[in-house]
Amino acid sequence: MEITNPLLLTVILINFFTLGSARLGACIRIVALQGALLALLPLAVHGFSLHSLVLFSGALLFKGVFIPLLLLRAIREVRIRREVEPVIGFVPTLILGVLMTAGAFLFADFLPLAVEHLDSLFVPTALATMFSGFLLLITRRKAITQVLGYLMLENGIFIFGVLLSEALPLMVEGGVLLDLLVGVFVMGIVMNQINREFSSINTESLTALKE
Amino acid sequence: MLANLVLHLFILLLFAPLLLGIITKTKAWFAGRVGAPLLQTYYDLNRLWRKGFVFSRTTTWVFLLGPVVGLAVPLLAALMIPFGALPAPVSFEGDLILFVYLFGLSRFFTAAAALDTGSSFEGMGAAREVTFSCLAEPTLLFVLLVLARLSGGLSMNTLLGEHLLASWRSEAGASLTLILVCLFVVLLLECSRIPFDDPTTHLELTMIHEVMVLDHSGPAFGMILYGAALKMMVLGALLVRLAIPWDTGWWLTNSLIFLAGLSVLAVLIGVIESAMARLKLPRVPQVLVGTSLLSIFALVLVLR
Amino acid sequence: MLEFIIIFPLVVAVISLLIPNYQTRSWLLPVSGGLHFLCSVWLAVEQRPLRGIWLGLDALSTLVLVVTSLLFFGCALYAVGYLDIRRDRGNKIMVPCLLIFLSAMTLAIAARHLGMMWMAVEATTISSAPLIYYNRNKLSIEATWKYLLICSVGIALAMLGLLFVAYAALGSGSPASLQLDELLQMAGSLSKPWLHGGFVFLLVGFGTKMGLAPLHSWKPDAYGEAPGLVGALLAGGLTSVAFLAILRGVQLMSAAGDGAMARQALLGMGLLSLCLAAIFMVRQPDIKRLLAYSSVEHMGLLAIGVGIGGLATFGAMLHLINNALTKGSLFLAAGNIQRAYSSKRLTEVRGVISALPVSGSLFLAGFLAITGSPPFGPFMSEFTILRGIFANHHLLVGLFVLLFLALVFIGMGSTVLAATQGKAEAKTSGFRDRLLLCISPTVFILLVLVLGVYIPEPLQQALQNAAALLEVQP
């Protein structure tokens, strides 16, 4: 458990950074770093078993390399660098994010956790990362930042999943990661199409369909 | 007790200007220059002290009070803070509040002295300095609260006492890392270093701290320079004690470790100054809000 | 056998990419659909319960499997005709995506491991996104984006729910597992708060996929912009699969002795869906969005049926079949109408019956069926659900359901009648009813008609078995 706490804290700091930063390239890279750090968690918790090694390499490759490369390619193609005018400003989002993180920590104390997880940062970090992902999804207008929010949400769930690896056999974990990769790939294609149709990837131009 | 006080003042007064020298040297080394000698600050102080006072006819006694308070405050504050494992000579319950607001006092007088000149540039600098400092204050307070929570006391001596070593090894280590980062940012801001302020800038418009002291000269400016060095040492002492919480049990090794820590800190500042550019002014409050949030988060971590 | 019907569509999907001939590629769909249907029926008739660790079929999943497979077969047949008149858009993406979609749905239905089920449901989202984007215009890209993002996030929450359920086992000392049978066995010892939290997230996650209000916001957009046959598959097949996933949660809750709580939640969401759908259906000018809201309404009915329990559960199982087939028929007919008029809005679509006698009549018949008019199947199933509601003394719920159903009938009726009746304007394109585009919706509606008057004994038995799975007491 020694190494996991700094890892998880870095994950939280990355949440804050992503919430407060306008530079898309930096955001993508830092979320990639988050994914790579998370890949270390199974090793740190379960030691070097086949399961954790495969999970480590899978998560590292998918979350840390392939998906970020896809997204970086996407922003290169649509030529955008910054998130401008989020629905809620960067500093207020950041404040909300920290409040929610604090809330996650307080809330985790009320949860009936298993004895071995009482003092660990796993559950609060998972909750906080999911909240941050949600915030990103809600407050940003660029399609790419919304995808980042989705990724962060998945990262949060991944953290929780590390605690339960016996319930998730390799076949399932692999499938989940593959789903994520293909999902982001399809989202990337759709994003490209959005850019072609609307000459921007602002999701606020997607408002034609309503009652 | 008395020996302790003498040693404290000796370290403080003698070595403070050296920090500035180390920073400059590091920057020069990064830029591939030889740079000014390590002891340049001492020469500068000596030179300034030998000059006479020049006062503008529009200024009043407030103008002189700025540098005087600016020198006195770090001296007082230094008495309350342990230097490494050397305990602080002056200590009482609740002195952490005094510690924080002593710096507020010095800022008030520096700003008042700047306003006293009637120069628009100095007024602008004062406004910026006060704004940024007031954003940095919550960070410092929350950092001290984290320490207070961990130690269970309210004086600087207890805050930075024996418990630190145990705290680092416990769950609170994460919090301590966070507040270390926050403190470092506060240090950079309070000592007007890059990326918040550039002490070597030449354009009044871009200055923050330097613009306030443009009109001071001679011994008054010397006091300001010395005061700034002392302030860096005091804030640095906080950081160094946090980062190096060991006690060897012998005063000489303790002070040597402390000084070595301070030197490393000065080199670090030099590296940052060489590697980073100044932040745009509107970004500064964002960063400071960020560190405040970080320190709040650190507090939440130790509270749970 | 089960593995076969999951894997062979994938193989055919790969083969379809290698086939250069347009028509041959299209025909791969009904051929695989037919094979899939035959195998599914064989699996169902054989009635040997398959209980593997990973894959298996119980009464519930068999029911959903056969319905989905039949629907897919019909849609695949329709697709041949449809793709023939859409040569401008091609079928190089449509055919493999449909086949992968079929495979993912089958896997989701047959999975005995909840993690695997989750994975398959997410795969259905991804593989159906290109299908919604088939028309490649601004509106369809918007619909696709919303569908992709909302459903992905929803499904992510379902994953969290699953993890909560797995965590519930940790406290009891037994090893955590997401294998359904193992979970059901140790349901009694699961930690209650985690199980409840898990169920809520499962309901929210798969509810998003199913389109229960208030998580239905993607549904009108996606169904409205997708081609008719994709709408039919989503509204009839995918929603049933998502419903099955929710039912797994209900099963777990029942086994743990908290079935009442799960039912309350379902009942609440069902009523809300019914209410919101009814409101949005009144004066709805777009026939496909109208169908989407109708889908929300019927998902609500399913939820209410299971939420009430007893006889109503049986009704809900029957309604699952009726809804899938009727929706299939309606969406396929609506697709034909849209082709003919190059529009799906009431301002252009007028006098469908005179312009397209078969599709128009099918649309009208489908409307009558889906709103629960006798003698169609949905009448029987809705009536059964209502009987269940009143038999359980939920008087208020029953009255509300009746009120909303009436509102839906009026709202939907005004739009559908305005579209089908009257004189067609001359500007319709050269599109005419053709055999391949009419045969499957006709068969669907005939099946629904048959179900309305007579339920065969084996089906009755199957429905009862499925309902019994949900009525298990700890």
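Residues numbered from 1 in each chain as written. Chains lettered and ligands numbered in written order. Predicted model: local features only at pLDDT ≥ 70, side-chain atom pairs only at ≥ 80, totals over all residues.

## Things to note about the overall build of chain A
Rules: Only DSSP runs of H or I with at least four residues qualify as helices, and only runs of E with at least two residues qualify as strands; both kinds are numbered from the N terminus onward. The globule rule used for comparison is 2.2 Å times the number of residues to the exponent 0.38, while the radius of gyration itself is calculated over C-alpha atoms. Exposure is read from a count of other C-beta atoms within 10 Å of each residue's own; the residue is exposed at 12 or fewer, buried at 20 or more and partly exposed in between. C-beta atoms are placed from the backbone. By the convention adopted here, residues are in contact when the distance between their C-beta atoms, placed from the backbone, does not exceed 7 Å.
Helix and strand content of chain A: 7 helices and 0 strands. Scanning chain A from its N terminus toward the C terminus, one meets helices and strands in the order α-α-α-α-α-α-α. Its C-alpha atoms give chain A a radius of gyration of 17 Å, near enough to 17 Å, the size a compact globule of 211 residues would have. In chain A, which comprises 211 residues, the proportion classed as buried is 51%. Expressed as a percentage of contacts within chain A between residues at least 6 apart in sequence, the contacts between residues at least 24 apart total 75%.

## Notes on the interface of chain A and chain C
Worth spelling out the cut-off: Three categories are distinguished: nonpolar for Ala, Val, Leu, Ile, Met, Phe, Trp, Tyr, Cys and Pro, charged for Asp, Glu, Lys and Arg, and polar for the others, with Gly belonging to the last.
Listed by partner, the interface residues are 31 residues for chain A and 36 residues for chain C. Secondary-structure elements contributing two or more residues to the side of chain A that touches chain C are helix H6 (143-162) and helix H7 (170-198) of chain A. When residues of the side of chain A that touches chain C are assigned to their parent elements, the largest contribution, 12 residues, is made by H7 of chain A. Tallied by class, residues from the side of chain A that touches chain C come to 21 nonpolar, 5 polar and 5 charged.

## Points about the interface of chain A and chain B
Taken together, the contact pairs 15 residues of chain A with 11 residues of chain B. At the level of secondary structure, the elements contributing two or more residues to the side of chain A that touches chain B comprise helix H1 (4-20) and helix H4 (90-110) of chain A. By residue number, the principal contributor to the side of chain A that touches chain B is H4 of chain A, which donates 10 residues. For the side of chain A that touches chain B, a count of residues per class yields 10 nonpolar, 3 polar and 2 charged.

## Thoughts on unusual backbone geometry
Each neighbour pair has its own omega, and for Ala-213 of chain C with Pro-214 of chain C the value is 0 degrees, a cis peptide bond. Take Pro-214 of chain C: it is sitting in the loop between helix H8 (192-210) and helix H9 (218-225). Look at the link from Pro-374 of chain C to Pro-375 of chain C: it is a cis peptide, with omega at 10 degrees. Note on placement: Pro-375 of chain C falls in the loop between helix H15 (357-370) and helix H16 (377-391). With phi around 60 degrees, Ser-199 of chain A is a residue other than glycine that occupies positive phi space. Relative to the assigned elements, Ser-199 of chain A resides in the segment after H7. Non-glycine residue His-393 of chain C carries a positive phi angle of around 65 degrees.

## Some thoughts on the UniProt feature "transmembrane region" (unreviewed entry) in chain A
Residue and element names in this part refer to chain A. Quick reminder of the rule: UniProt positions are given in the numbering used here, feature names are shortened, and annotations may be inferred rather than shown by experiment.
Mapped onto the present numbering, the UniProt feature "transmembrane region" (unreviewed entry) falls at residues 6-24, 54-75, 87-108, 120-138, 147-164 and 170-190. With 84% helix and 0% strand, the stretch residues 6-24 has end C-alpha atoms that lie 25 Å from each other. Helix makes up 89% of residues 120-138 and strand 0%, and the two end C-alpha atoms of the span are 29 Å apart.

## What to know about helix H17 (residues 395-420) of chain C
All names here are of chain C. So the rule is basically this: By this rule, a helix spans an expected 1.5 Å times one less than how many residues it contains. We define the bend at any residue as the angle between the axes fitted to the seven residues before and including it, ending there, and the seven starting there.
For H17, which comprises 26 residues, the first-to-last C-alpha distance of 36 Å matches the rise-based estimate of 38 Å (1.5 Å per residue) to within 8%. Considering bend angle alone, the principal kink of H17 is centred on Gly-413 and spans about 25 degrees. All of the buried residues along H17 are Val-397, Gly-398, Val-401, Phe-404, Val-408, Gly-411, Met-412, Thr-415, Val-416, Ala-419 and Thr-420. Structurally, H17 contributes buried residues whose contacts are with helix H11 (259-281), helix H12 (287-308), helix H14 (352-355), H15 and H16. Trailing H17 by a residue or two, Gly-422 shows a phi angle of about 85 degrees, which is positive.

## Examining the environment of Ile-7 of chain C
Locating Ile-7 of chain C in the fold gives a position in helix H1 (residues 2-18). Separated by 99 residues in the primary sequence, Ile-7 of chain C and Thr-106 of chain C place their C-alpha atoms 9.5 Å from one another.

## Quick look at the arrangement of the chains
Most contacts, compared over the 2 pairs of chains touching, are made between chains A and C. The two units chain B and chain C remain apart, with a minimum C-alpha distance of 21 Å.

## Digging into the packing of helix H2 (residues 24-46) of chain A against H6 of chain A
Residue and element names in this part refer to chain A. As a reminder of what qualifies: For helices, the fitted axis covers only the stretch in contact; all axes are lines through C-alpha atoms, and the angles between them, taken along N-to-C directions, range from 0 to 180 degrees. An angle below 35 degrees is read as roughly parallel, one above 145 as roughly antiparallel, one from 65 to 115 as roughly perpendicular, and any other as oblique.
It is the contact of H2 with H6, at a shortest axis distance of 10 Å, that shows an interaxial angle of 10 degrees. As far as their axial angle goes, H6 and H2 are roughly parallel. Contacts between H2 and H6 involve Leu-24, Cys-27, Ile-28, Val-31, Gln-34, Gly-35, Leu-38, Leu-41, Pro-42 and Val-45 from the former and Ile-144, Thr-145, Leu-148, Leu-151, Met-152, Asn-155, Phe-158, Ile-159 and Val-162 from the latter.

## Brief notes about the environment of Glu-83 of chain A
All names here are of chain A. If you trace the backbone, Glu-83 turns up in the loop between helix H3 (50-78) and H4. Considered as a pair, Glu-83 and Ser-21 are 62 residues apart in the sequence and their alpha carbons are 8.4 Å apart. In contact with Glu-83, other than residues within four places in its own chain, are Ala-22, Leu-24, Arg-140, Lys-142 and Thr-145.

## Examining the packing of helix H3 (residues 59-85) of chain C against helix H19 (residues 457-470) of chain C
Residue and element names in this part refer to chain C. To keep things clear, this is the line we draw: By definition, any crossing whose near helix is turned counterclockwise from its far helix by less than a right angle is left-handed, and any crossing with a clockwise turn is right-handed.
The interhelical angle for the contact between H3 and H19, taken along N-to-C directions, is 130 degrees, at an axis separation of 7 Å. Between H3 and H19, the crossing angle belongs to the class labelled oblique. Read as a crossing pair, H3 and H19 show a hand that is left-handed. Residues Ala-59, Leu-60, Thr-62 and Leu-63 of H3 lie in contact with H19, whose contacting residues are Ala-462, Asn-465, Ala-466 and Leu-469.

## Quick look at the confidence of the model for chain A
Heads up, the rule is: pLDDT: the predictor's confidence for each residue, scored from 0 to 100.
Averaged over chain A, the pLDDT score is 88; the fraction of residues at 70 or greater is 100%. Of all secondary-structure elements in chain A, the lowest mean pLDDT belongs to H7 of chain A, at 88, while helix H5 (residues 122-139) of chain A reaches the highest, 93.

## What to know about the confidence of the model for chain C
All names here are of chain C. Looking at chain C as a whole, the pLDDT averages 92, with 97% of positions reaching at least 70. Mean pLDDT across the secondary structure elements of chain C bottoms out at strand E1 (residues 50-51), with 73, and peaks at helix H4 (residues 94-110), with 96. What the predictor reports for the complex is a pTM of 0.89 with an ipTM of 0.94.

## A look at the environment of Pro-220 of chain C
Looking at where Pro-220 of chain C falls in the secondary structure, it is placed in helix H9. Along the primary structure Pro-220 of chain C and Gly-430 of chain C are separated by 210 residues, whereas in three dimensions their C-alpha atoms are 28 Å apart.

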